[in-house]
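Here's the letter readout for the chains.
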Amino acid sequence: MQFTQISPADCVPGINGLGTKIPVSQGDTIMHNQDHPAWKAEQSDEDVVPGLPHQEIVPPQHEHLAQLVEHLADGVILLDHTRRIVLANPVAQTYLELLSPSGVGDVLSTLAGQSLEPLLLPAPAAGISHEITLDQPARRVFEISSRTIEQHSRTEGWTLTIRDITDRKLTEERIQHMALYDALTELPNRVLFRNRLQQAIAQAWSDGQIVAVMFLDLDRFKTVNDTMGHAFGDRLLQIVALRLLECVRQNDTVARLGGDEFTIILSQIQNTDHIDCVAQRILAALIRPFHIDGYDMYTSVSIGIALYPFDADDTDSLLTYADMAMYHAKSHGRNAYTFYTATMHAYAMERMMLEKGLQRAIEQEEYLLHYQLQIDLRTGVIVGLEALVRWRHPVLGMISPSRFLTIAEESGLTASLGLWILRTACAQNRAWQLAGLPPIRIAVNLSARQLAHPDMVNEVAQILVETQLEARYLELELTESSIIHDPETAITILHKLKALGVHIAIDDFGTGYSSLSYLKRFPINTLKIDQSFIRDIPADIDGAAIATTIIGMAHGLKLKVIAEGVETREQERFLHDQGCDEAQGYLYSHPLPPAAMTRLLQTWDAATRAGQSTAG
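Presented here is a report on the structure given in the accompanying data block. Here the structure is a predicted model, which means the values were calculated and not measured.

**A few points about the overall build of the chain**
Across its full length, the chain carries 19 helices and 25 strands. The proportion of buried residues among the 616 residues of the chain is 48%. By element, 52% of the accessible surface of the chain is carried by carbon and sulfur atoms, the whole surface being about 29,400 Å².

**Some thoughts on the side chain of Ser100**
Counting through the fold element by element, Ser100 comes out in the loop between helix H2 (90-99) and strand E5 (110-111). A polar contact is formed between the side chain of Ser100 and the side chain of Ser102, at a distance of 3.1 Å. With near-sequence residues (within four places) excluded, Ser100 lies in contact with Leu108, Thr110 and Leu111.

**Let's talk about the pairing of strand E10 (residues 210-218)**
Among the 9 residues of E10, 9 are classified as buried, and the element is accordingly described as predominantly covered. The two faces of E10 match: Ile210, Ala212, Met214, Leu216 and Leu218 on one face and Val211, Val213, Phe215 and Asp217 on the other face are all buried. Across 7 bridges, E10 lies against strand E12 (residues 261-269) in antiparallel orientation. Bridging across to E12, Asp217 finds its partner in Glu261. Looking at chain direction, E10 and strand E15 (residues 301-308) are connected through 8 bridges and run antiparallel. Within E15, the position partnered with Asp217 by the bridge is Ser302.

**Notes on the pattern of salt bridges**
Within the structure shown, the criterion is met by 25 salt bridges. In this structure, Arg378 engages Asp581 in a salt bridge whose closest nitrogen and oxygen atoms are separated by 3.2 Å. Highlighted residues: Arg378 in the loop between strand E17 (367-376) and strand E18 (382-393) and Asp581 in the loop between helix H18 (569-577) and strand E25 (582-583), separated in sequence by 203 residues. The salt bridge involving Glu582 is made with Arg441; its shortest N-O contact spans 3.8 Å. Note that Glu582 is positioned in strand E25 and Arg441 in strand E20 (residues 441-445), a separation of 141 residues in sequence. Take Glu582: its relative accessible area is 5%, and that puts it in the buried class. Its relative accessible area of 15% is what places Arg441 among the buried residues. Ionic contacts of the salt-bridge type, sharing partners, join the residues Glu131, Glu143, Arg168, Lys169 and Glu172 into one network.

**Observations concerning the packing of helix H4 (residues 190-207) against helix H8 (residues 315-331)**
Direction vectors running N to C along H4 and H8 enclose 110°, while the axes themselves pass 10 Å from each other. The orientation of H4 with respect to H8, classified from their angle, is roughly perpendicular. For the pair H4 and H8, the sense of crossing is right-handed. Contacts between H4 and H8 involve Arg190, Phe193, Arg194, Leu197, Gln198 and Ile201 from the first element and Thr315, Asp316, Leu318 and Leu319 from the second.

Calculation criteria
Residues numbered from 1 in each chain as written. Predicted model: local features only at pLDDT ≥ 70, side-chain atom pairs only at ≥ 80, totals over all residues. Heavy atoms only, no water. Helix = DSSP H or I, 4+ residues; strand = E, 2+ residues; numbered from the N terminus. Buried < 20%, exposed > 50% of the residue type's maximum accessible area, 1.4 Å probe, protein only. Areas by Shrake-Rupley, 256 points an atom, 1.4 Å probe, with all protein chains shown as cover. Polar contact = N/O pair within 3.5 Å; in protein donor to acceptor, adjacent residues only side chain to side chain. Contact = heavy atoms within 4.5 Å. Pairing = 2+ DSSP bridges. Salt bridge = Lys/Arg side-chain N within 4 Å of Asp/Glu carboxyl O. Axes fitted to C-alpha atoms, helices over the stretch in contact; angles between N-to-C directions. Parallel < 35°, antiparallel > 145°, perpendicular 65-115°, else oblique. Left-handed = near helix turned anticlockwise from the far one by under 90°.

Structure representation (structure tokens):
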């Protein structure tokens, strides 16, 4: 039904949604004064229009009020004292088609199936406001406001204002969602996680049940980000989130705290058997390959678990203890879950001490290098050394890299530490040459962060100049994962390094994601077989088969092969028989500081000159 525009000559006064008199058509009998006593007013005889009941004439200043109401952006409805609709502007008529079958002249009793009664109660001057939501055909939200029209303390009618607030509600909901949910994974964030954990604790206290807090951290995720890029890492996190949701019940909570850290609340637990099952399910789900952008990515997760009420009864302590347990799992091999115990406090304090001391260690010259022999399996001659960093902590003593390198990576200190290692190793190798020892290669590990640095090639060249070491006596070791994200760029950088004259080796080969089609394009000299394939050979049939395959493939590509982790003569004989070129491991020497390695090099050189090889 359309709102009809009329001229002043055809009008009698009504009342608009703001309680103001407006002109109404003579033909609309429901507008007559005898039906609406609230509209009676004093008038002179000359104001009366012949043929009509007693009425008001609209003052000249209100002649355009009807047109103003018609063009309001909100819907305006006027009800008389019987709740009959006496006026509805075009917007209101459109809304009524959605909210009610009523129209002008009908009694309005419901809106969207809800009783109108709450809106028509006696109200303060500000009126009453309610929201109505429609879900069909599309979700829309309306705000309905009402004001009572009174005269001489009697209710003579009501004005209703209908406003479409759908966009506003959507904006509010979007802001609320952003405040409580992670934008990348759509999982609850830290704020919502804490709220739900508080609720779970309260419910568990009432029911006498257990709540488990699981703290999860992806293993080596920083390497994925550094080598494959942040977009790739984000996609991995999204798939991890989906897999985690598949591992828990609907009433459990999976949240992302940030980075690669996830948390899970397992509520309404009767015993710890269920917790073990969930943890094992998660480990199995995340060990499966992730198919992203044509790559098969492999990762794992370390999980720490704290329990209410056994470990703590508040959210902060439970989260802290689960975090401690997670780091304990990560430091003991990764891809595992650990329940919190009180003894983990000592480990947490040590980690804090390491984090604080990492930056100071370079300035205070607390780092030092140890060196391990690399032997030619055919001749027994020393062909190289690998430089391995150690930290001489002023309180904790000598610290192996396995205890602090991960923390250094997380703190972004691997680049500065890597340059120190490279400069120190080159200087030491040159010192041995000047001391009269046979010149050999020094192998230095290059991190993904270093490889990605724009000045890396220039830095290597500058260090060679500073230390006066010929480039052919430096070998840079890179892992498969550090070159596979952007292989074309890696190929360019490696060619520049090769042009300097340095040797290039791929470390831990067999544990990464490299494609053979790219491998043959990399300007590398050596493949290093990861020690995990060497540890139990030749008894380990699978490990032996992998080692043999790598040796054959490398020789087919005209590359040298060195085996890491050789500890027994039996392993040495097997590798020799398979044609492996070089070996490194405890069978020949433990990593030694410079002075001890100098003595070993001198002894080995003397024995070699005498026609004998020496195991250290």
